[in-house]
Amino acid sequence: MTDTMDRTRIDADTRMRTGVDNLRTIDLDVSGMTCASCAARIQKKLNKVDGVQAAVNYATNKAHVLAPSATGVDELIEVVRNAGYDASLPDPTVDEEAVAQARSDALRRRLIVSAVLAIPVVAMAMISPLQFPGWQWLSLVLATPVVLWGGWQFHKSAWVNLTHGSSTMDTLISVGTLAAYLWSVICLVFGSAGRIGMRHEFSLHLMASDSLNTVYFEAACGTITFILLGRWIEARSRRQAGSALRELLKLGAKRVRLLGPDGTETMAPIEALTVGQSFVVRPGEKIPSDGIVREGRSDVDAHVITGESVPVEVGPGDHVVGATLNTVGRLVVEATAVGSDTQLAHIASLVEQAQTGKSNAQQLADRIAGVFVPVVFGIAALTFLAWLLTGAGLGFAVTAGVAVLIISCPCALGLATPTALLAGTGRGAQLGIVIRGPHALEQARAIDTVVVDKTGTLTKGEMAVQDIFAGSGHDREEVLALAAGLESGSEHPIAQAIVAAAQAHAASSPQHIEDFTILPGLGVQARVEGLQAFAGNARLMADQGLGIPLQLRESADQASTEGASVVFVAHRAAVIGLVTVNDELSENSANAVRLFGRLGLRTVMLTGDNERAAHHMASRVGIDEVHAHVLPDQKMAVITELQKNGRRVAMVGDGVNDAAALAQSNLGIAMGSGTDAAIAASDLTLMRHDLMLAVDAIRLSRATLRTINGNLFWAFFYNVCAIPIAAFGLLNPMIAGAAMAFSSVFVVTNSLRLRRFRPTLVAE
């Protein structure tokens, strides 16, 4: 169950139990968590407070608490601290991205230093010719900072867990590496391992005479370094958790041009705007906030909100949305919503709610370790006591116990996910696919439905001339040439598409174009060869008293049915033809939809277009299900409804209007050509505009997850088989260290197979 569902459940349950009026919501930032069991322990402690229901999310380091009004924030924070962690109220002045970056950088430095020191230790232990006189003492010098400083976070976490009667993977890492390190020091100081000229002798089983004549620094160093690598990879992924919200909020205007009662315009910070105030938006400026147009006409580019590439005509009485772009005319707008009440802020809130439920595949290892760790400790203790009671001697008994701990160190377990991610994401990057983390892999295996946004996903998101129709007595080249000549002075996307088409067809523009004028919401006019000419919509033709011939009207109606924009062209007091402009269908869209079907996935299209245009597009590419007239918040609602019906949904989109749906979906796939907010909210990003990449992204994700699961199986299977061997004294710690290293090599080699993944077009 996702954390979003947890929030809904605990809010409803607690309200029923205590009453709405007595409750308040408190969000806390929690620090010190290292695994999913930490979050579970904090959540359990908070829920023991009378009247409190809490959901703690390890991925976001947040605690969402519904508590009675009488319960103070300080009391909740104290509960978290008593559990061994820390908490505080969110501080809006703190740059969370910078803090997360600093933590990631610190972990990276610790990893680099540990790796540099550990490599020679491992090499000397495993390669006999490198064992020069005194090599074991150099190993002690190099291993000490790795074990104590490099592994400090594991030792600290193990101590915190110990003081609260629990254990995690960190406990096993800490105890295993410290046991190997400390016993090696004992062998150096009190045994024969410190003798100059000592060399490792490989033996498959323990002998009483060799209990204190070897060292195991390489096992401790290797474990610490490999686990640090996994933690750093995890930190990099988690650091991106809040980027979708930041990108969304950056879209809003920072300043507003306030209109005074006397008609004067004054620039002010956006915070100065209040509901009911009027402000001015000039051509080329962002609309600062939601409102109603009171004066002026213009075309508003709303693609950052709606995802549609064609600007929308607005005039007095029309509603406009903050962060959209005014293109051609001056507008006077009355603010109807500001700050957190705007549509942009609402979308940001939807993204935040949806992102709360993100999970991490690495939690699987932590959950298993919760059982695995105490079992290993028990086996090691029994091994020590059994050999001691049989008279094998203290040194033999300790060495056998250390062998159990070393062979149990979760080195391969820690590598299982990171190495497969490195190989899978590296291959994905070569193909133009960015996999954001293990969650995407988990979901890619389970999805059964793919939801795609039309504009910018199935289509290119670029306007292009679809067709040209000429009236009686005129030809297509004449119509296109005149339309291009008239539109050449406009920056409107439709105008640019017509001009580009004329240039591609080498259509000659008419001479002597004079008195060019943009008619906001209608089109353009100019004098061509001394006579008035127009290019625009049907309303412009009607305003000029120009009748549209029946044949052209029928062509226009058919084009509108297919979702195209129609530009009528008139000259010499007559409509001579029309040009239809539409968002071009991407080359591989139909093939990609077909391949989704071969993968067993049902396809659903969401679009803000009308029903006729939406179904026409769906029939062209083979979409199974269509939802038309879908607004930004409705896209998320459609995803949620599909999930309630038991569907596991992947969403493919590229606009800010898709960001909430991308975050709510089980698997979010963003086109790299889309907005940063959509990319940040997604689990997979396609770096070029090609829906076929979505097919490959799902295939690669599933292959990577299969590799991770195989790695995890091998890691535990290895432990299950090797622990009894070590416990029966048939495996000395040196061989245990080598076996542990072999398991790591196996995991890495298995992961590297992902580099041979082939894209669909090659595989076909």
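Parameters at a glance
- Residue indices begin from 1 for each chain and proceed along its sequence in written order.
- It should be noted that, the model being predicted, local features are given only for residues of pLDDT at least 70 and side-chain atom pairs only at 80 or more, the latter also being counted only at that level, while totals for whole chains, interfaces and linings use all residues.
- Hydrogens and water are ignored here; the side-chain numbers use all heavy atoms of the structure.
- Only DSSP runs of H or I with at least four residues qualify as helices, and only runs of E with at least two residues qualify as strands; both kinds are numbered from the N terminus onward.
- Three exposure classes are used, based on accessible area relative to the maximum for each residue type with a 1.4 Å probe and protein chains only: buried under 20%, partly exposed in between, and exposed over 50%.
- Contact definition: two residues touch when any of their heavy atoms are within 4.5 Å.
- For the accessible areas, the method is Shrake-Rupley and the probe is 1.4 Å, while residue cover comes only from the protein chains on display.
- Here, expected helix span is obtained from the residue count minus one, scaled by 1.5 Å.
- Pairing between strands is defined by DSSP: at least two bridges between them are needed.
- UniProt positions are given in the numbering used here, feature names are shortened, and annotations may be inferred rather than shown by experiment.
- A residue's pLDDT is simply how confident the predictor is in it, with values from 0 to 100.
- Put simply, a nonpolar core is a bunch of buried Ala, Val, Leu, Ile, Met, Phe, Trp, Tyr and Cys residues held in one set by side-chain atoms that sit within 4.5 Å of each other.
- What makes a salt bridge here is a side-chain nitrogen of Lys or Arg within 4 Å of a carboxyl oxygen of Asp or Glu, nothing more.
- Every axis in this analysis is a line fitted to C-alpha atoms, fitted for helices over the stretch in contact. Angles between the N-to-C directions lie between 0 and 180 degrees.
- By the definition adopted for this analysis, an angle is roughly parallel if under 35 degrees, roughly antiparallel if over 145, roughly perpendicular if from 65 to 115, and oblique otherwise.
- Basically, the charged four are Asp, Glu, Lys and Arg, the nonpolar ten are Ala, Val, Leu, Ile, Met, Phe, Trp, Tyr, Cys and Pro, and anything else, Gly included, counts as polar.

Engineer: What's the story with the overall build of the protein chain in this structure? I'm lost.
Structural biologist: Counting its secondary structure elements, the protein chain contains 28 helices and 26 strands. Across the 764 residues of the protein chain, 54% fall into the buried class. For the protein chain, the share of sequence-separated contacts (at least 6 apart) that also reach a separation of at least 24 residues comes to 70%. Here the protein chain has roughly 32200 Å² of accessible surface; of this, 58% comes from carbon and sulfur atoms.

Engineer: I'm lost on helix 20 (residues 550-561) in this one. Help?
Structural biologist: Along an α-helix, a turn takes 3.6 residues, which lines up residues three or four apart on a common side. Between the first and last C-alpha of helix 20 there are 17 Å, a value that for 12 residues agrees with the 16 Å anticipated at 1.5 Å per step. Buried within helix 20 we find Leu552, Ser555, Ala556, Ala559 and Thr561. Those residues of helix 20 that are buried lie in contact with strand 16 (459-470), strand 20 (565-571), strand 21 (574-585) and helix 22 (611-621). Positive phi appears at Gly563, one or two residues downstream of helix 20, with a value of about 85 degrees.

Engineer: Help me understand the pairing of strand 15 (residues 449-453), please; the structure alone is not making it clear to me.
Structural biologist: It is a general feature of regular strands that their side chains alternate between the two faces of the sheet. Extensive coverage of strand 15 is indicated by the burial of five of its five residues. Neither face of strand 15 is exposed, since Thr449, Val451 and Asp453 on one face and Val450 and Val452 on the opposite face are all buried. Judged from the five bridges that link them, strand 15 and strand 22 (residues 602-606) form a sheet pairing that is parallel. Each residue of the ladder has a partner; that of Asp453, found in strand 22, is Leu606. With four bridges connecting them, strand 15 and strand 24 (residues 649-653) associate as parallel partners. Pairing of Val450 across the sheet is with Ala650, part of strand 24.

Engineer: Any chance you could explain the UniProt feature "transmembrane region" (unreviewed entry) in the protein chain here in plain terms?
Structural biologist: In the UniProt entry, the feature "transmembrane region" (unreviewed entry) is given for residues 111-128, 134-152, 172-194, 214-233, 368-388, 394-417, 708-728 and 734-752. A helix fraction of 89% and a strand fraction of 0% characterise residues 134-152, whose end C-alpha atoms lie 27 Å from each other. Segment residues 708-728 splits into 95% helix and 0% strand. End C-alpha atoms: 31 Å apart.

Engineer: How do you make sense of the confidence of the model for the protein chain when you look at a structure like this?
Structural biologist: Residues shown with low pLDDT carry predicted positions that ought not to be read at fine detail. Scored by pLDDT, the protein chain comes out at a mean of 79, with 80% of its residues at no less than 70. Looking at the elements of the protein chain, mean pLDDT is at its lowest for helix 1 (residues 3-18), recorded as 40, and at its highest for strand 7 (residues 278-281), recorded as 94. Confidence over residues 1-21 falls short of pLDDT 50; this stretch has 35 contacts with residues more than four positions distant or in other chains. Taken as a whole, residues 353-362 scores under 50 in pLDDT and shows 37 contacts with residues more than four places along the chain or in a different chain.

Engineer: Looking at this structure, I do not really get the sheet that holds strand 9 (residues 298-301). What am I missing?
Structural biologist: What holds strands together in a sheet is hydrogen bonding between their backbones, with the strands either parallel or antiparallel. Spatial strand order, 10-9-12: three strands in an open sheet with antiparallel pairing. Strand pairing shows two members of the sheet lacking a second neighbour, strand 10 (312-314) and strand 12 (325-326), which therefore form its edges. Here strand 9 runs beside strand 10; their pairing, made up of three bridges, is antiparallel. Bridging from a neighbouring strand, Asp299 pairs with Glu313 of strand 10.

Engineer: Would you explain unusual backbone geometry in this entry?
Structural biologist: Of all residues except glycine, most have a negative phi; of all peptide bonds, most are trans. Phi is positive for Glu529, which is not a glycine, with a value near 55 degrees. On the secondary structure map, Glu529 appears in the loop between strand 18 (523-528) and strand 19 (531-536). With a relative accessible area of 45%, Glu529 lands in the partly exposed category.

Engineer: Sorry, what's going on with the nonpolar core here?
Structural biologist: Nonpolar side chains tend to gather and get buried jointly when the protein is soluble and globular. Counting residues in hydrophobic clusters, the biggest one holds 48 residues, and the most contacted among them are Leu458, Met605, Ile623, Leu667 and Leu691. At 11 residues, helix 26 (residues 692-727) tops the list of elements feeding residues into this core. Each residue touching Leu667, except ones within four places of it in the same chain, is listed here: Ala440, Gln443, Ala444, Ile447, Val649, Ala650, Met651, Asp683, Leu684 and Ile698. Counting 34 residues, the second largest nonpolar core, distinct from the first, contains Leu107, Ala143, Met198 and Ile406.

Engineer: Just to check I follow, could you spell out the pattern of salt bridges for this structure?
Structural biologist: Note that side chains of opposite charge can pair when their charged atoms are close. Taken as a whole and judged by the stated rule, the model has 14 salt bridges. Across the pair Glu265 and Arg282 runs a salt bridge whose closest N-O atoms are separated by 2.9 Å. Within this pair, whereas Glu265 is found in strand 6 (residues 265-269), its partner Arg282 is found in the loop between strand 7 and strand 8 (290-295), the two being separated by 17 residues in sequence. On the basis of relative accessible area, Glu265 is assigned to the partly exposed category, the value being 29%. Close ionic contact of Arg476 with Asp467 constitutes a salt bridge, the shortest N to O distance being 3.0 Å.

Engineer: Looking at this structure, how should I read the packing of helix 5 (residues 135-150) against helix 6 (residues 152-163)?
Structural biologist: When two helices pack together, their arrangement is captured by the angle between the axes and the distance separating the axes. For the pair helix 5 and helix 6, the least separation of the axes is 5 Å and the interaxial angle reads 45 degrees. With respect to their mutual orientation, helix 5 and helix 6 come out oblique. Facing helix 5, whose interface residues are Val147, Leu148, Trp149 and Gly150, helix 6 presents Trp152, Phe154 and His155. A class-by-class count of the residues in the contact of helix 5 with helix 6 yields five nonpolar, two polar and no charged.

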